[in-house]
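Overview (structure and organization)
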Amino acid sequence: MNLTVVLAFTANVLVALAKTAAAVLTGSASMVAESAHSWADTGNEVFLLVADRRSRRRPDHSHPHGYGREAYVWSMFAAVGLFVAGAAVSIIHGVQELGAKEGNESFTLAYIVLAVAFVLEGTSFLQAYRQVHRGAESADQTVLHTALSTSDPTLRAVFAEDSAALVGILLAAGGIGLHQVTGSPVYDAIGSILVGILLAVIAFVLIDRNRRFLVGESVTPEIQTLVRDRILAMPEVASVGYLHIEFVGPHRLYLVASVDLIGDESESVVADRLRSLERRIEAEDAVVEAVLTVSRPGRPPDADLDDVAPE
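So, about the pattern of salt bridges. Enumeration over the complete set of coordinates arrives at 13 salt bridges. Taking the shortest distance from any N to any O, the salt bridge between R275 and E278 comes out at 2.8 Å. Residue R275 and its partner E278 are located together in helix α9 (residues 267-282), separated by three residues, close to a single helical turn. E278 sits in the buried class, given a relative accessible area of 5%.

Shown next as structure tokens:
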């Protein structure tokens, strides 16, 4: 994951410097919006690197489920930064430039910078796309669905920001092109506004996804079925009743289940068997903690809810 973020950071720094120089030399509103976009993305990558690093810390006494949710906190900061530093600046500047008079823009310079930016952003996007595509194939989902539903906020943010960057470059190029053809800078200003609106939409999507994981996001039915099948595959387990699985970080799960064990043994033996099963489940890299309790044979799964659901 670090490679994806570092590549995005490097590309954004180079692109931001080039766009800023072009914005100063050309006076293009669309280039100003694009430079604000790239600087916002650059700052966001720093937040995402912090998110990735801090979320990897191991569980301790004060955080028994680990620090995985820190990834969503820092990714939330990145999404808010994208909205404030990217969307707001682009829209405000575009509105201010709607009444501007014809300037002495160097259209050729703007096109060259946008073309170089497209190549750099495209390289970063391909790295994020490959990573999302691998997850989509393993889960038999579309790339877009995987990008939106993944528990990894840094991957989602890089994928979304790079996608927005490519679309934003096309919008900026369109605004500059219409300005050149018509001689009216209004189209350039509209390009800036459209880039700002695009960033605002992306920011709201990222904020909402991080909010969902911060307050507690359950796994998909596919993961639920997979985990249930793996527990049932254990020779000591006859059936699984209540099953609750929740994300507590990127690719990190907290699992609570009631199981019917094979045989009719004493409480002490059952307790030992349950602890053994929990340790075996927790051997999976994705499972932070597993809590098992006994369910009665033939009892409906929902009937075990009051016995095992956390208060």
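The discussion continues.
A few words now on helix α7 (residues 186-215). Over its 30 residues, α7 extends 43 Å from the first C-alpha to the last, a length consistent with the 44 Å expected when each residue adds 1.5 Å. One or two residues past the end of α7 sits G216, with phi positive at roughly 115°.

One open sheet holds the three strands; their spatial order is β1-β2-β3, and the pairing between them is mixed. Each of the sheet's edge strands pairs with one partner strand only, and the pair in question is β1 (237-249) and β3 (287-294). Ignoring strand direction, the axes of neighbouring strands in this sheet form an average angle of 15°. Here strand β2 (residues 252-261) pairs with β3 via seven bridges, running parallel. When the sheet's bridge partners are listed, S258 is paired in β3 with T293. Seen against the sheet, helix α8 (residues 221-232) touches β1 and β2 and runs at an angle of roughly 135° to β1.

What follows deals with unusual backbone geometry. Residues other than glycine predominantly adopt negative phi, and peptide bonds predominantly adopt the trans conformation. In this model, H251 sits at a positive phi of 60°, which is unusual for a non-glycine residue. Here H251 lies in the loop between β1 and β2.

Within the fold, V132 resides in helix α4 (residues 107-139). In this structure, the C-alpha to C-alpha distance between V132 and G81, residues 51 residues apart in sequence, is 23 Å. When residues no more than four places from it in sequence are discounted, the contact partners of V132 are V143, T146, A147, L155 and F159.

Right, let's talk about the confidence of the model for the chain for a bit. Any residue range with low pLDDT should be treated as having predicted coordinates unsuitable for detailed reading. Averaged over every residue, the pLDDT of the chain is 83; the share at 70 or more is 92%. Every residue in residues 304-311 scores below 50 in pLDDT, and together they form 13 contacts with partners more than four places removed in sequence or on other chains.

This part covers the layout of surface pockets. Computed from the structure, the largest pocket encloses a volume of approximately 900 Å³. Around the largest pocket, the lining comprises 33 residues; the ones closest to its centre are I223, L226, F247, H251 and L253. Here the lining of the largest pocket gets six residues from one element, more than from any other, and that element is α8. Split into classes, the residues belonging to the lining of the largest pocket amount to 16 nonpolar, eleven polar and six charged. Reported here for the second largest pocket is a volume of approximately 430 Å³. When residues of the lining of the second largest pocket are traced back to their parent elements, those giving at least two are α2 (29-55), α6 (153-182) and β3. Across the lining of the second largest pocket, the residue classes break down as nine nonpolar, six polar and nine charged.

Rules behind the numbers
Residues numbered from 1 in each chain as written. Predicted model: local features only at pLDDT ≥ 70, side-chain atom pairs only at ≥ 80, totals over all residues. Heavy atoms only, no water. Salt bridge = Lys/Arg side-chain N within 4 Å of Asp/Glu carboxyl O. Helix = DSSP H or I, 4+ residues; strand = E, 2+ residues; numbered from the N terminus. Buried < 20%, exposed > 50% of the residue type's maximum accessible area, 1.4 Å probe, protein only. Expected span 1.5 Å × (residues − 1). Pairing = 2+ DSSP bridges. Axes fitted to C-alpha atoms, helices over the stretch in contact; angles between N-to-C directions. Contact = heavy atoms within 4.5 Å. pLDDT = per-residue confidence, 0-100. 1 Å grid on protein atoms, 1.4 Å probe; cavity = no way out; pocket = protein on both sides within 12 Å on 5 of 7 lines; lining within 4 Å. Points joined across faces, edges and corners; volume = space filled by probe spheres on them. Nonpolar A, V, L, I, M, F, W, Y, C, P; charged D, E, K, R; others polar.

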